[in-house]
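Coordinate analysis (summary)
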Amino acid sequence: VIVATGFSGSPTPVVQSGPVLTVTGTSGADTMAITFSSATAFSITVNGTTSSYSTQNINQIIVHGLGGADTLTVSDTFNTGVGTWSPQFMQWNTAKYQISADKTQDIAFTGKQNDSATLNGSTGSDQATLTATSVEMANTTLFDNKVTGFGSAQVNAGSPSATASIQDSGGGAVLGTPTQTSLSGTGFSYVAAGFQSVTATAGSSADTVELDYSASFPTATQTGEVMLTNSTGAVIITAIGFSNPQLVNTQNTGGSSGGGVLIVSAPNPPIITTGGGGTTLIGGGTTLIGGGTTIGGGTPLASMPITGATLTLEPSQITFGPVLTSTVVAQPGTSTVLTVH
């Protein structure tokens, strides 16, 4: 176990007692680092002073930051571990050693693909950031926890005011539902759970986004954006810059039970897919369709009833399913209203 604590005024920053190292900081802004150079050899640096150790005789490190704008940096790309982060707190477990840290404002950990992490938020307005290489949860000057190089990580919102930003790149895939949004790619899978506001941004044309509009959560899209909203109309997920986003109903339920509005505007219209088995795409209300949108990709129209919906076609075309391909083309400058019974 390795413990690091704030270092202003501490007489001895690192103390060894048997197989346990305790690092104690001061009330000021301390800088601490735990760096592994192999599976067993590591060093601890506190405010510029470095000492070397081995997991052959040390199995626990405890860090007490003691307040202040402390920074703890950990790097272990040799051992596989599982960790939990909370505001100013970290617990890290491997087969060889453990690290715990408390009262430490900023904690950054660099690991490897087999590592997994859970980052929990506070009751304040936290900001989570997910990229193809890292997951971070922060709140201005209160705390900043970040893991880099992990294969698996989940960040959990601690309050309704918490927000998440997903920055896709290099062909990553974003999957959004009303309860969580994931970013995955080769060698990694990251999840943002419980956030009431998520923004996903494409970094390349190879990036994809799929939004699940099951469970009566209407979906609205605008030019350059796709938005997934909750039952009160509040936006949960906004996807920006993705080519041909996918709108999917993974359950055999209606896309909207309360007359929700599905607005699709050119360019980059989404492909709307239902779960099949008698799924109702829109349960009622008005649907504005534009930009060559395809409804029912993979599901025949006969098994995908659209009940009580008024489809307003903007100057573009709409295609129903791969089996029944009734195509309606609106003339430029006009609109066509199609009522499906």
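Cut-offs and rules
Residue numbers restart at each chain and count upward from 1, following the sequence in its written direction. Selection of residues for local features in this predicted model requires a pLDDT of at least 70, selection of side-chain atom pairs for listing and counting requires 80 or more, and totals for whole chains, interfaces and linings are taken over all residues. Each side-chain value is derived from all of the structure's non-hydrogen atoms; neither hydrogens nor water enter the calculation. In this description a helix means any DSSP run of H or I spanning at least four residues, a strand means any run of E spanning at least two, and both kinds are numbered starting from the N terminus. Throughout, exposure labels follow a simple rule: accessible area from a 1.4 Å probe, protein chains only, divided by the maximum for the residue type, with under 20% read as buried, over 50% as exposed, and the rest as partly exposed. Working rule for contacts: check all heavy atoms of both residues, and any pair within 4.5 Å makes them a contact. Accessible surface area values rest on a Shrake-Rupley calculation with a 1.4 Å probe, where residue burial reflects the displayed protein chains alone. Two strands form a pair only when DSSP identifies at least two bridges running between them. The criterion for an aromatic pair is that two Phe, Tyr or Trp rings (for Trp, the six-membered ring) have centres within 6.5 Å, with stacked assigned to planes under 30 degrees apart, edge-to-face to planes over 60 apart and tilted to the rest. Here Asp and Glu are counted as negative and Lys and Arg as positive; His is not counted, and neither are the chain ends. For this document, the term salt bridge refers to a Lys or Arg side-chain nitrogen within 4 Å of an Asp or Glu carboxyl oxygen. In protein, a polar contact means a hydrogen-donor-capable atom and an acceptor-capable atom, both N or O and within 3.5 Å, with residues adjacent in sequence counting only if both atoms are side-chain atoms; elsewhere, any N or O pair within 3.5 Å suffices. The predictor's confidence in any single residue is recorded as pLDDT, a number from 0 to 100.

With that settled, the discussion passes to the overall build of the chain. The helix and strand tally for the chain stands at zero helices and 35 strands. Taken over 341 residues, the chain has a buried fraction of 48%. Taking as baseline every contact in the chain between residues at least 6 positions apart, the subset at least 24 positions apart corresponds to 65%. Just so you have it, the chain exposes about 13,600 Å², and 53% of that area is on carbon and sulfur atoms.

Let's shift gears to the pairing of strand β7 (residues 60-64). As paired elements, strand β3 (residues 20-24) and β7 share five bridges and run parallel to each other. Each residue of the ladder has a partner; that of Leu21, found in β7, is Ile61. Inspection of the sheet shows β7 paired to strand β11 (residues 98-102) by five bridges, in the parallel sense. Directly across from Val63, in β11, lies its bridge partner Ala101.

So, on to the environment of Thr163. Mapped onto the secondary structure, Thr163 falls in strand β18 (residues 163-167). Through-space distance from the C-alpha of Thr163 to that of Phe195 is 6.0 Å; in sequence the pair is 32 residues apart. Look past the residues within four positions of Thr163 in its chain and what remains in contact with it is Asp126, Gln127, Ala128, Phe195 and Ser197.

Further remarks concern the packing of aromatic side chains. Within this structure, the stated rule accounts for 10 aromatic pairs. Here the aromatic rings of Trp85 and Phe109 are separated by 5.9 Å at their centres, their planes lie at 90°, and the arrangement is edge-to-face. Of this pair, Trp85 sits in strand β9 (residues 81-86) while Phe109 sits in strand β12 (residues 106-110), and the two are 24 residues apart along the sequence. The pair formed by Trp85 and Phe109 is uniform in burial state, with each residue classed as buried. Taking 5.1 Å as the distance between ring centres and 40° as the angle between the ring planes, the aromatic pair formed by Phe188 and Tyr190 counts as tilted. Judged by relative accessible area, Tyr190 falls into the buried class, the value being 1%. Feature note: the residues Phe36, Phe42, Tyr53 and Tyr97 constitute an aromatic cluster, connected by ring pairs.

Moving on: unusual backbone geometry. One non-glycine residue, Lys103, lies in positive phi territory at about 50°. Mapped onto the elements of the fold, Lys103 is located in the loop between β11 and β12. Positive phi values are uncommon outside glycine, yet Thr140 reaches one of about 35°. Positionally, Thr140 belongs in the loop between β15 (134-139) and β16 (143-148).

Judged by which residues are buried, β16 turns out to be one-sided: Phe143, Asn145 and Val147 face inward and are buried, whereas Asp144, Lys146 and Thr148, on the alternate face, are not. Pairing analysis gives five bridges linking β12 to β16, with the strands arranged parallel. Within β16, the position partnered with Ile107 by the bridge is Asn145. One ladder, built from six bridges, connects β15 with β16; its direction is antiparallel. What sits directly across from Glu136, in β16, is Lys146.

This next bit is on the side chain of Asp115. By the element assignment, Asp115 lies in the loop between β12 and β13 (116-120). Nearest to the buried, unbridged Asp115 among oppositely charged side chains is Lys112, at 4.9 Å. At 2.8 Å, the side chain of Asp115 and the backbone nitrogen of Gly81 are in polar contact. Ignoring sequence-local partners within four residues, the contact set of Asp115 consists of Asp76, Asn79, Thr80, Gly81, Trp92, Phe150, Gly151 and Ser152.

Of note, Asp168 is situated in the loop between β18 and β19 (173-176). Although Asp168 is buried, it makes no salt bridge; Lys146 carries the closest opposite charge, 16 Å away. In terms of polar contacts, Asp168 uses its side chain to reach the backbone amide nitrogen of Gly172, at 3.3 Å. Ignoring anything within four residues of it in the chain, the contact list for Asp168 reads Ala173, Val174, Leu183, Thr201, Ala202, Gly203, Asp207, Thr208 and Phe242.

Moving on: the confidence of the model for the chain. This prediction gives the chain a mean pLDDT of 75; 63% of its residues lie at or above 70. Within the model, the stretch residues 1-11 combines pLDDT values under 50 with 82 contacts to residues more than four positions away or in other chains. Taken together, the stretch residues 273-341 has pLDDT below 50 and engages in 173 contacts with residues farther than four places along the chain or on a different chain.

So, on to the environment of Ser51. For Ser51, the location among the structural elements is in strand β6 (residues 49-54). Placed 17 residues apart in sequence, Ser51 and Ile34 show a C-alpha to C-alpha distance of 9.9 Å. In this structure, Ser51 is in contact with Phe42, Ser43 and Ile44, ignoring residues within four places of it in sequence.

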